Amino acid sequence: MSAEAFSSSSNSSALGNLGHSQGQSQGFGPDSASGGIARQVQKTLGSLSLEQLDHIFSMAEELHEEEGAYLAPREGTQQEARSAGGFDLMPLVVGGEEWARIEAGLTQRVRAWNLFLRDIYSGQEILKAGVVPYEIVYSDPNFHRGCARLPGVTASYLQLTAFDLQQDVRGQWLVVEDHLGVADGASYALKKRQILRQIAPRLFDGLEILPIEDFAAQVLDVLQELVRIPDGGARGVLLAQGSSDEYYLDDAALARQMGVPIVQGNDLVVLDSRLYLKTIAGIEPVDVVLRRLATSLLDPVVFDAGSRYGVPGLLSCVRKGSLAVANGLGSDLANNRALAAYLSVIVEYYTGERPLLPSPHVLEMRDLDVREQVADNRDDYVIRHVWKRTPAHEWVMRHMPAHDWNRFWQEIEAAPSEYVAYKLPASAAHPCWTPSGSRSLPVTLRAFALGQERISPCALAWTGSAASLASSVQTMDRIKDVWILRTVPAASVVVHAQAEEAPKRLRLTSRVAESLFWMGRYAERAEV
């Protein structure tokens, strides 16, 4: 049975009649519109037979296999087992008013972080005022003195950022993680929406949901604003680590949707403080780079000399003003988890406002009293490394055996400033619908900011096996579509131009051309 047959069969009434239901139920949040739609979707899914659900999940698995649409952490270990159980049919529905509050809080947060980075890489007034301790900044390997006072960067450090949020039992959204150097996952949100529309299109009938398909075009708008070349003539590339990176599929999909080449460091060369792309027609100049690498890997001349992924001399191009890099070089510093302990005062210092979105309370382990408190109540805490973001550098104390705890505590005592502790939050549960059945689990929502004023409706959500703060950076084994309800008429929503029309397209890179040549030669030999 095809997707079209399924959506138009006698069961189509179950998938198509999504009105507003009456009343409230626990676990759907305070927004009545979003709660009503979520309950109706859950009721619709519950009306399907096991055979129909099995068919839907098998279709989802086939589409996932075709596209390779699996999500794993950028800095994580090998991806875990993949199965149809990773597809959640139940979307996370966010009401318009609720999303407006999230937008306001994240916009404030982006603005504050941008001002912080501008200050740190210039006058460092916040350090001189004693608001943030010097040692937090200077001890972080993501603080790069070579990035101080770069031309152009001082106006805006942050072009594409992401924030992970979780909802507490009172319905309040908390920001549990900032991704201010490299923001991943947007293409998986787009793929999730595409697959859900294919396997159950009637779920969307009659609903006013904000579109997300123009996300790549919006990213291009931000990059064009960064370089300010007339007539949209900026030539851009997406610089990625390569196929060894677990997020390479995300990087490749985003580059394809933007209509720009995805390149590696050896595809680029610097000549006379100008960046060029090596193509089959010769070298072509590059005006803007959307980086998917940490700053320390971008230029082996200035940063990490052992980096195999960067471009020697890239920083000289930025310093001369012939190249723009998004996000700004050095912005990875703002990911420091010890800075999160000072977020409230950072926001107040730069904006004069209280934070609109709270964060979990962060305890700095460099404080002896804090270490004693954590040691006495270790089952209540998650301990995380300050600047290392792999799952191996996050520890849930209640799951740690005693002999491992003693060894780990010695490591903390040896370098306490490199660790922070969080209390495990009590999270609200949201409905999920997977092959194992329907149940309610805590959900993490990842929202993307474009520049300093726009929060994209292209959002990603997932549930993990632990469903706690610790699960937000581990393997995302239950990906959910996010439906943000429209609050303005459809005609008032600006639709961007197709991404393919915006950039000035660059030619095929010489590395890719060579790979295609040898692939053809080997294929020819295999046919003999």
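Quick caveat: nothing in here was measured; it's all calculated off a predicted structure.

## Looking at the packing of helix α8 (residues 186–199) against helix α10 (residues 248–258)
In the contact formed by α8 and α10, the axes pass within 8 Å of each other and the chain directions differ by 75°. When the axis of α8 is compared with that of α10, the two are roughly perpendicular. Of the residues in α10, those in contact with Ala186, Ser187, Tyr188 and Leu190 of α8 are Leu249, Asp250, Ala253, Leu254 and Gln257. Among the residues making up the contact of α8 with α10, the classes are represented as six nonpolar, two polar and one charged.

## Structural notes on the pattern of salt bridges
All told, the structure shown has 25 salt bridges when counted by the stated rule. The partner of Arg292 in a salt bridge is Asp184, with the nearest N and O atoms 3.3 Å apart. With Arg292 in the loop between β9 (288–291) and α11 (314–320) and Asp184 in the loop between β3 (173–179) and α8, this pair connects stretches of sequence that are 108 residues apart. Using a relative accessible area of 5% as the deciding quantity, one classes Asp184 as buried. Within this structure, Glu177, Arg337, Arg384, Arg389 and Glu394 form a network of salt bridges that share partners.

## Quick word on the pairing of strand β17 (residues 444–450)
Each regular strand displays side chains that alternate between the two surfaces of the sheet. Summarising burial for β17: seven of the seven residues are buried, a large majority. Every second residue of β17 is oriented toward a common face, with Thr444, Arg446, Phe448 and Leu450 on one face and Leu445, Ala447 and Ala449 on the other, all of them buried. In this sheet, β17 lies alongside strand β2 (residues 160–167) in antiparallel orientation, the contact comprising seven bridges. Its bridge partner lying in β17, Thr161 is registered against Ala449. Where β17 lies against strand β18 (residues 454–463), six bridges are found, and the strand directions are antiparallel. Bridging from a neighbouring strand, Phe448 pairs with Ser456 of β18. Between the antiparallel neighbours β17 and β18 lie three residues, among them Gly451 with a positive phi of about 70°.

## Considering the packing of aromatic side chains
Within a pair of aromatic rings, the relevant descriptors are the distance that separates the centres and the angle that separates the planes. In the structure shown here, the tally under the stated rule is 14 aromatic pairs. Ring geometry for Phe215 and Phe448: centres 5.9 Å apart, planes at 65°, overall edge-to-face. With Phe215 in helix α9 (residues 215–227) and Phe448 in strand β17, this pair connects stretches of sequence that are 233 residues apart. When sorted by exposure, Phe215 lands in the same class as Phe448, which is buried. Between Trp395 and Tyr419, the ring centres sit 5.9 Å apart and the planes meet at 50°, which makes this aromatic pair tilted. Remark: Tyr419 occurs in strand β14 (residues 419–423) and Trp395 occurs in strand β13 (residues 394–396); sequence separation between them is 24 residues. Taking the relative accessible area as the measure of exposure, Trp395 reaches 16% and is therefore buried. Here the aromatic residues Tyr121, Tyr134, Tyr138, Phe143 and Tyr157 are joined through ring pairs into a cluster of three or more. Geometry around Phe204 places Arg197 over its ring, the cationic atom sitting 4.2 Å from the centre. It is Arg384 that lies over the ring of Tyr422; its NZ or CZ is 5.1 Å from the centre.

What counts and what doesn't
Residues numbered from 1 in each chain as written. Predicted model: local features only at pLDDT ≥ 70, side-chain atom pairs only at ≥ 80, totals over all residues. Heavy atoms only, no water. Axes fitted to C-alpha atoms, helices over the stretch in contact; angles between N-to-C directions. Helix = DSSP H or I, 4+ residues; strand = E, 2+ residues; numbered from the N terminus. Parallel < 35°, antiparallel > 145°, perpendicular 65-115°, else oblique. Contact = heavy atoms within 4.5 Å. Nonpolar A, V, L, I, M, F, W, Y, C, P; charged D, E, K, R; others polar. Salt bridge = Lys/Arg side-chain N within 4 Å of Asp/Glu carboxyl O. Buried < 20%, exposed > 50% of the residue type's maximum accessible area, 1.4 Å probe, protein only. Pairing = 2+ DSSP bridges. Phe/Tyr/Trp six-rings, centres within 6.5 Å; stacked < 30°, edge-to-face > 60°. Lys NZ or Arg CZ within 6 Å of the ring centre and 35° of its normal.

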